[in-house]
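Examining the three-dimensional arrangement
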Amino acid sequence: MVAVGGALGPVAAADDVEAGADAAAASADRQPIETLVVYGERVERPLLEVLSGVTVFDEATLARETGRHVNQLLNLAPNVLIESISETPVVRGVQGGGAGGIATGATNGSLPRLTTVIDGVPQIAALPNSSFSDLYDVKRIEVLRGPQTTLFGRNALGGAVVVETNDPTFEPEAELHSTLAFDGTSRVDVLGAGVVSGPLWADNLAGRVLVQYRDGEDPRDVIGAPAGAETGFLTEFDAVRVRAKLLGRANTGLGRLRVEGLVDYETGTTPQTRNDVAGPAAGGAPFDDRVIRFDGPNRTFDVDAITGAVEAELVVSDAFAIESLTSVTRTTFETVPEQVFPSAFDSAERFIAQDLIARFGRAAGRLTGLVGVAFEGRDQEISVVGVPINSDATVESRQWSAFTDLRLRLRGGLDLVGGGRLLSIAQDRVQTIRTLLPTPGRPVAIPGDTAFDETETVFLPSVGLIWTFADAHSLRASYRAGFNAAGASVNAFTGVPFRFDSERLRAVEAGYRGQVWGERLTLSATAFHYSYDDQQFFLQTVPGDLTSTITTNVPDSSSYGLELDASVKPVDSVTLSFGLGLLETEIGRGPASNPAFDGNDFGRDPGANVTASLLWAPAPWFDLDGQLRYVSGYFPDFQNIPGSQVGDYVLGDLGATVRWRRFELRGFVRNVANETAFLRRVGGFAALAQPRTIGLSITAQVF
């Protein structure tokens, strides 16, 4: 039995480690769909048997995207939208950062809705969102759409992004890598990295160390700066990262023991908004000039993030294994002293998680599954100092849960799936705020405070059916429940405390996966319908009154859509891939105080996104690739203001890779047509996709 969300990637039997490397090397070949494995459901299982809608980015794809932020890659998945490098993805119209996004959630008490799990460790949704974001030395990324609360707990109402980095190897290897990229607006973006891996003690202990440095500048010009003023802090970013992994394995009297340890540390500096620019209405230039004002609302942070984890799995027999996963993550960010914008935003957050899981049943057995218990502890301190808002908040939350995911094999390839999570979350949030509002005479201070102490206990079921037939086809249907906890804060304009209730999601999915044409054509289709109770929105409770903006609940809302993934090899040297996401959202009833939102779209919900890609590999030493991505028009928020739509763009990329002996050389052009693609608009500001970027990367196998 193989574990999936083990702390440091999938847990395999000792003999499977080298086999996994061989499989990765053969990833370019046709592969039967029954052998394509997905790890995100915390049990290693074939893609045919996965209940969730999922998009998998394999190691070969990630190698072609090295140098990009992980968020830019996720854009390629159906019904996934990235508004900004600095923001959590939107999946099926569900804002991953919580109501209003990460920054709003930090000050207004709403929690994220999309969890990111890297090497089995849940990550903190930090405001700069810059840590743990590069694609180098990453083996695999899975995007699971729909509620994943049963397996990942809170913060997974919208889905999960599961990332696996490469494990230590028992054969010595070392590699050097560098990527240079230039966009014509900023200076060269430089990525330099090296990794070494190999045995430390016979066949029992191996280690892997990654060292990486990133230095670059966002494609934005600074205007309005005084003569001689330093402006680099507004657009430049840098990061140093060290990741160390240990893998130990041994046969004991009780079974095969596997222990993994991880330390992942990153430090650097990053602007809060990586691709936001000022338009004419904000005192800037035309949007396609890509400018920001020196004295504009721009923050820059010094960031430190560290994760430590230990996982131990004991495989007692082919039908039983137990696993323990312990992790601690801490992220801090502080406003740099050079910042001109008079509002400092500092935060420190610690996250502790402990999972105990038992897996049972043989692959061909009648009953298989897992049961587990989990604890999570979260402590956060937030400080906002300056004009117009001064605020201090401390947050403590504790979560205890028990969960299970069971499969009963019936006749004729039919599996009955059932499970759920019993979750209890206790939150204690204390916040004080003082807003300085300008008046003709002197500033007026408006104080306010809140103390939120509440425990919620819920059961979140998951049930489904999977029918596998003809060895290479499956049909599936499921019902899953999602949950995000209640919260409270203070209205920054009035000083009045407010509270909002927890939100619930009922998700129904049905889909097909299969392979035809001699395993040359792989298809996946998923249709879904969401029904929300009390969905959380950051909105004006009184129409047109900015001072009434708070996080509140919308009583009734829903969405539905369709996702298609297809890959075909018409000849062995050519791979064509296609992805389609269709989405429709609607607020059925807005808050009673503001019915103007009745019938509106959620916003951030393009009706269609389409991806098409081509890979041509005429020889083992050479390949060409290209892709096109279309995103239809959408409103940037739930207000649906006429004329505010963004999206409706096409972006194209080209690349070529040459391999010679121990070297791999890759050249690429991203956004070939240099299209000014609007991802988001807020007032006189907009977030734009990266401009045309030309780059070159080289990878050298040292041994």
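Everything discussed here concerns the structure shown above.
The structure contained in this document is the topic of the report that follows. Bear in mind the structure is a predicted one, so any value in this text is a computation, not a measurement.

Digging into the sheet that holds strand E6 (residues 94-95)
Ordered in space as E4-E5-E6, the three strands form an open sheet in which the pairing is antiparallel. With partners counted over all chains shown, the strands left at the sheet margins are strand E4 (80-81) and E6, one partner each.

Some points on the sheet that holds strand E17 (residues 276-278)
Spatially, three strands are ordered E17-E38-E37 in an open sheet, and the strand pairing comes out antiparallel. Two strands close off the open sheet at either side, each with one partner strand: E17 and strand E37 (678-682). Along the sheet, successive strands turn relative to each other by an average axial angle of 30°, direction set aside. Of the pairings in the sheet, the one linking E37 to strand E38 (residues 685-688) comprises four bridges and is antiparallel in character. Bridged to Arg681 within E38 is Ala686.

Focus on the packing of aromatic side chains
Taken as a whole and assessed by the stated rule, the structure comprises 15 aromatic pairs. Summarising the aromatic geometry, the rings of Phe537 and Phe638 are spaced 5.5 Å apart at their centres and angled 80° between planes, so their arrangement reads as edge-to-face. Taken together, the residues Phe537 in strand E30 (residues 521-540) and Phe638 in the loop between strand E34 (622-631) and strand E35 (649-660) connect sequence positions 101 residues apart. Overall, Phe537 belongs to the buried group, its relative accessible area being 7%.

What about the side chain of Arg480?
Assignment of secondary structure puts Arg480 in strand E26 (residues 473-484). At 3.1 Å, the side chain of Arg480 and the side chain of Ser52 are in polar contact. A polar atom in the side chain of Arg480 sits 2.6 Å from the side chain of Glu509.

Digging into a nonpolar patch on the surface
Together, Leu176, Val196, Val209, Val211, Tyr213, Val240, Val242, Val702 and Phe703 make up a nonpolar patch on the protein surface, roughly 730 Å² of accessible area in all. Going through the elements one at a time, strand E13 (205-217) and strand E15 (236-251) are the ones with two or more residues in the nonpolar patch. Top element by residues in the nonpolar patch is E13. It accounts for three residues. Secondary-structure assignment places Val209 in strand E13.

Parameters and conventions
As a convention, each chain's residues are numbered from 1 in the sequence order in which they are written. Only residues with pLDDT of 70 or above have their local features reported here, since the model is predicted, and side-chain atom pairs are shown and tallied only from 80 upward, although totals for entire chains, interfaces and linings are computed over all residues. Side-chain measures were taken over the full set of non-hydrogen atoms in the model, leaving aside hydrogen atoms and water. What makes two strands pair is DSSP finding at least two bridges between them. Under the DSSP-based scheme used, a helix requires at least four consecutive residues in state H or I and a strand at least two consecutive residues in state E, with every element numbered from the N terminus. Angles here are taken between N-to-C directions and fall from 0 to 180 degrees, while the axes themselves are lines fitted to C-alpha atoms, restricted in helices to the stretch in contact. Centre distance within 6.5 Å is the pairing criterion for rings of Phe, Tyr and Trp, where only the six-membered ring of Trp is used; planes under 30 degrees apart are then read as stacked, over 60 as edge-to-face, and the remainder as tilted. Partly exposed describes any residue whose relative accessible area lies between the buried limit of under 20% and the exposed limit of over 50%, with all areas from a 1.4 Å probe on protein chains only and scaled to the type maximum. As used in this structure description, the phrase polar contact means that two N or O atoms lie within 3.5 Å; if the pair is within protein, one of them must be able to donate a hydrogen and the other to accept it, and residues adjacent in sequence are counted only when both atoms belong to side chains. Patches were defined on residues exceeding 30% relative accessible area and lacking a salt bridge, with like-charge contacts within 9 Å and nonpolar side-chain contacts (Val, Leu, Ile, Met, Phe, Trp, Tyr) within 5 Å. In these tables, accessible area is a Shrake-Rupley quantity obtained with a 1.4 Å probe, and a residue counts as shielded only by the protein chains included in the view. Salt bridge, as used here: a side-chain nitrogen of Lys or Arg that lies within 4 Å of a carboxyl oxygen of Asp or Glu.

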